[in-house]
Amino acid sequence: MVGVLDCLNVGMYETGRSADVDPSTVRTREDAIRVIEAMTDDLRLHPDAWENPTLARFLEALGALLGSRAWSQAEEPTWRLFAEALVAASGYE
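Residues numbered from 1 in each chain as written. Predicted model: local features only at pLDDT ≥ 70, side-chain atom pairs only at ≥ 80, totals over all residues. Heavy atoms only, no water.

Engineer: Give a description of the overall build of the protein chain that names residues and reports values.
Structural biologist: Tallying secondary structure elements over the protein chain gives five helices and zero strands in all. N-terminal to C-terminal, the α/β element order of the protein chain is α-α-α-α-α. At a minimum sequence separation of 6, the contacts of the protein chain that also span at least 24 residues come to 69%. For the protein chain, the accessible surface area stands at approximately 5,900 Å², while carbon and sulfur atoms represent 55% of it. (Helix = DSSP H or I, 4+ residues; strand = E, 2+ residues; numbered from the N terminus. Contact = heavy atoms within 4.5 Å. Areas by Shrake-Rupley, 256 points an atom, 1.4 Å probe, with all protein chains shown as cover.)

Engineer: Just give me the short version of the nonpolar core, but keep the residues and values in it.
Structural biologist: What tends to happen in soluble globular proteins is that the nonpolar side chains get buried as a cluster. Core analysis: the largest hydrophobic core is formed by 20 residues, its most contacted members being Val21, Val35, Met39, Phe58, Leu65 and Ala89. Sort the elements by how many residues they give to this core and helix α5 (residues 79-89) lands first, with seven residues. Setting aside its immediate chain neighbours within four residues, Ala89 contacts Asn52, Phe58, Ala61, Leu62 and Leu65. (Core = buried A, V, L, I, M, F, W, Y, C linked by side-chain atoms within 4.5 Å. Buried < 20%, exposed > 50% of the residue type's maximum accessible area, 1.4 Å probe, protein only.)

Engineer: Summarise the packing of helix α3 (residues 55-66) against α5; cite the residues concerned and give the values.
Structural biologist: Taken N-terminus to C-terminus, the directions of α3 and α5 make an angle of 125 degrees; their axes are 8 Å apart at the nearest point. Regarding the angle of α3 to α5, the classification is oblique. In terms of crossing hand, the pair formed by α3 and α5 is right-handed. Together, Phe58, Ala61, Leu62, Leu65 and Leu66 of α3 and Ala85, Leu86, Ala88 and Ala89 of α5 make up the contact between the two elements. Taken together, the residues of the contact of α3 with α5 sort by class into nine nonpolar, no polar and no charged. (Axes fitted to C-alpha atoms, helices over the stretch in contact; angles between N-to-C directions. Parallel < 35°, antiparallel > 145°, perpendicular 65-115°, else oblique. Left-handed = near helix turned anticlockwise from the far one by under 90°. Nonpolar A, V, L, I, M, F, W, Y, C, P; charged D, E, K, R; others polar.)

Engineer: Break down the side chain of Ser90 for me, citing the residues and quoting the values.
Structural biologist: With respect to the secondary-structure elements, Ser90 resides in the segment after α5. In terms of polar contacts, Ser90 uses its side chain to reach the backbone amide nitrogen of Ala19, at 2.7 Å. At 2.5 Å, the side chain of Ser90 forms a polar contact with the backbone oxygen of Val87. Beyond its immediate chain neighbours, meaning those up to four positions away, Ser90 contacts Arg17, Ser18, Ala19, Met39, Trp50, Glu51, Asn52 and Phe58. (Polar contact = N/O pair within 3.5 Å; in protein donor to acceptor, adjacent residues only side chain to side chain.)

This is how it looks when you write it as structure tokens:
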């Protein structure tokens, strides 16, 4: 199954990257929490690597991402989709 992240060029820019976290196996709330914890660890270890390392930039990117064409085709919200959005927003331009 192709995830929403596969439809975007997230993390493919030289200016910054997405969190180095794989949300593709998220099925439950607990899985989503683990993704958030892994994202937090990745940000702490590599703050200069993320495209959107501040809360303001991250939230701006999250809003833009959710309003983008790729996400307008997204299926019914799931914990996986939620986790994919968070990871994608960390590197969305």
